[in-house]
Structures are given as structure tokens and as C-alpha cells.
Amino acid sequence: MERDTTAPDVPMPDSLTPDVVATLRDLAASLADEAAHLIVDERPRTLGVEATKSSEVDVVTVMDQRSERLLRERIRTERPHDAILGEEGGATEGTSGLTWVVDPIDGTVNYLYGHPFFAVSVAVCVGDTTQEGAWRPVAGAVSAPLLGETFMGALDMGAHLVTRDGRRAELHVSECERLDVALIGTGFGYEARKREAQGEVVARLLPQVRDVRRGGSAALDLCFVAAGRLDGYYESGINAWDQAAGQIIATEAGARTGGAPGSFMGKEMAVAAAPKIYPSLVDCLFPKSR
Ligand code: LIP
């Protein structure tokens, strides 16, 4: 029996009662929505690139920085003893055993170009979020302001979507049973050599599936798996802040999540899919492991 790779076996603090977990989820959703409004309402007319990360085309805008500052200020106010790990500001220590893992704008290139597929991702995790396979999310929210949708999930409490007009719907993964009729999401890094290798993987996958979608936000791709809008998603090279909230949302919506064979979801590979197609998707991604 392959080891369950849904999430590492990380001890849960006694303080994490169901009521506390639900409160953390609701706070994550509120903070994600607040930052999502900021990046839309206060986007400067002449938005430019403030900095770059892995390459010249891996960009940071002033609104990434402002969104993370807002999230950090609000988390410090509401949860002063919790740690924080953010894409732009790095790690801030805490004493509670909980870490807020935030991506102030997931899908920054889409945001820069005016494509609507971007979101603010806020997750609450236990364990060591700086070590692969040593942490797991317990609650999270992803707020997509131009879609008018906020996705959220909490451990053993399911996942749901709240729309701008206040409608609330439970999230459930698709019931897809065959890879050859599956719609699969993926993404690519910003370094040419990595993209070349990722191109070889997607070229191998393409003839074996219905179609592929490259949305540009891992957090939203994972939420789209949760909503049944994608039958599966995979990507290599994404960070904890890209995937933490989407992971709990997809898992709680019934997705099977994991990474490379026998590994947890992480930077090497993040996979989330309808349970019946998960094995064949991983086999296709890692053909030598068969
Ligand atoms: C993005 C990820 C996406 C990946 C993009 C980019 P960012 O994160 O969410 O899945 O394909 O290349 O890394 O950089 O916009 O926060």
C-alpha cells in the first residue's frame, strides 16, 4: 500500500479545537478578501515592476508588497503569537505552533497584464513550513477579486465557495474516472531550463488527456480542482505560499493530493486530482516509477 501522501503526519496542537479551526478559516477568508480588495481598488494606473525573482520575467509589483504588508499587519493584530511565512517578506517567528503562509498576489504576471486569474492566498499551517514534508495546512482561503469568488476550507470541515453576491456553495471534486477525458491544469516556472523540462512533461501528457489549461495561479488551479472545474492539476517548482491554502481546499473537497511517488505535495511536485484519475496522472508524470 503506497504511503498516504495527502499530508505529513504533523502533531496537531491541543489548542486546535474544531471551533478554533473554523475561526482561523473565517479569519483567513476575511484577510484574503481585504487584501484582494486592496490590490484591485488601489492598483496604480501605471503599475510597473518593482523587482524580479527567479528571472527577469518573474516579477514583483508594488501591490504584491502592499498586499503582504497589509496581511502581516492584520495577522500580527489578530494572532500576535503566530508565525508568518510570506512570498515577499520571508519568515517571521512565532510561539503558538501555527504559521500563516501567505501569497499576497498569486498569479502576479496575470495581475500585471490585467488577466483576471489571480488571487490572494492565506493559509494557517502546523509544523515547520520552511521544511518540505514537515508541515500541513489546517485552514485556508483563496480570494479571486476579479472572479468575485472566495474559496475556503478547514481540516475535517469541508470546503466551500462564497461569491460576491453572497451565495455559498459546497465544493466537490469532479467524478472523472479516466485520464483520457480529464481536463488537467498545470503551470511553468520562469527559468528557461526549467520550462524546457516542464515542456517535455506536458508534451508527454497532452495526447493522454482531454486537454490542458495553464491558468497562471497555482492557488486558483487547486481551487478549480476543488470545484470540479479541473479534473486534476500538477506543477513542479511551486512554493509553500502558492499551494498551502489550495491544498487544504482541494483535499477537503475530496481531491487526492500528493507529490512525486511516495512524497508529499511540495516543491518537487504538487498534484491534486479526482481520486480515480490520481494514480494514472502520477504514472504519466513519473513514467519510470511504474
Ligand atoms: C505563480 C504560480 C503559478 C506558476 C507561476 C507563478 P506567483 O506564482 O501560482 O502556478 O505557474 O509561474 O509562479 O509567482 O504569481 O505568486
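Structure's up top.
Parameters and conventions
- Residues numbered from 1 in each chain as written.
- Predicted model: local features only at pLDDT ≥ 70, side-chain atom pairs only at ≥ 80, totals over all residues.
- Heavy atoms only, no water.
- Pairing = 2+ DSSP bridges.
- Helix = DSSP H or I, 4+ residues; strand = E, 2+ residues; numbered from the N terminus.
- Axes fitted to C-alpha atoms, helices over the stretch in contact; angles between N-to-C directions.
- Contact = heavy atoms within 4.5 Å.
- Buried < 20%, exposed > 50% of the residue type's maximum accessible area, 1.4 Å probe, protein only.
- Right-handed = clockwise from strand over helix to strand, strands pointing away.
- Near = heavy atom within 4 Å.
- Polar contact = N/O pair within 3.5 Å; in protein donor to acceptor, adjacent residues only side chain to side chain.
- Nonpolar A, V, L, I, M, F, W, Y, C, P; charged D, E, K, R; others polar.
- Parallel < 35°, antiparallel > 145°, perpendicular 65-115°, else oblique.

Draft legend 1. Here's a closer look at the sheet that holds strand S3 (residues 83-86). If you walk across this open sheet you meet the eight strands as S4-S3-S5-S6-S7-S8-S9-S10, and the pairing is mixed. Strands with a single pairing partner mark the edges of an open sheet, and in this sheet they are strand S4 (90-92) and strand S10 (168-170). Within the sheet, the average angular offset between the axes of one strand and its neighbour, ignoring direction, is 20°. Relative to S10, strand S9 (residues 159-163) is paired through three bridges, and the arrangement is antiparallel. Bridge pairing links Val 162 to Arg 168 in S10. Each of S3, strand S5 (98-106), strand S6 (119-127), strand S7 (135-144), strand S8 (149-154) and S9 is contacted by helix H6 (residues 240-252), which is oriented at about 95° to S7, the strand it contacts most.

Draft legend 2. Highlighting the pairing of strand S11 (residues 183-186). Burial of the side chains of S11 extends over both faces: Leu 183 and Gly 185 are buried on one face and Ile 184 and Thr 186 on the other. One ladder, built from three bridges, connects S11 with strand S12 (residues 211-213); its direction is parallel. Each bridged residue has a counterpart across the sheet, and for Ile 184 the counterpart in S12 is Val 212. Handedness of the β-α-β unit built from S11, helix H4 (residues 192-205) and S12 comes out right-handed.

Draft legend 3. Here's a closer look at the site of the ligand. Taken together, 16 residues surround the ligand, and among them Asp 106, Gly 107, Phe 188, Arg 214 and Glu 235 come closest. Within the side chain of Asp 106, a nitrogen or oxygen atom sits 2.7 Å from an oxygen atom of the ligand. At 2.8 Å, a backbone N or O of Ala 218 approaches an oxygen atom of the ligand. By residue number, the principal contributor to the shell around the ligand is S5, which donates three residues. Residues that form the shell around the ligand fall into these classes: four nonpolar, five polar and seven charged.

Draft legend 4. Geometry of the packing of helix H5 (residues 218-226) against H6. It is the contact of H5 with H6, at a shortest axis distance of 8 Å, that shows an interaxial angle of 5°. The angle between H5 and H6 falls in the class roughly parallel. Contact with H5, carried on its side by Ala 218, Ala 219, Leu 222, Cys 223 and Ala 226, involves Asp 242, Gln 243, Gly 246, Gln 247, Ile 249 and Ala 250 of H6 and no other residues of that element. Looking at side-chain class alone, the contact of H5 with H6 contains seven nonpolar, three polar and one charged residues.

Remember, this is a structural readout, not a statement about activity or role.
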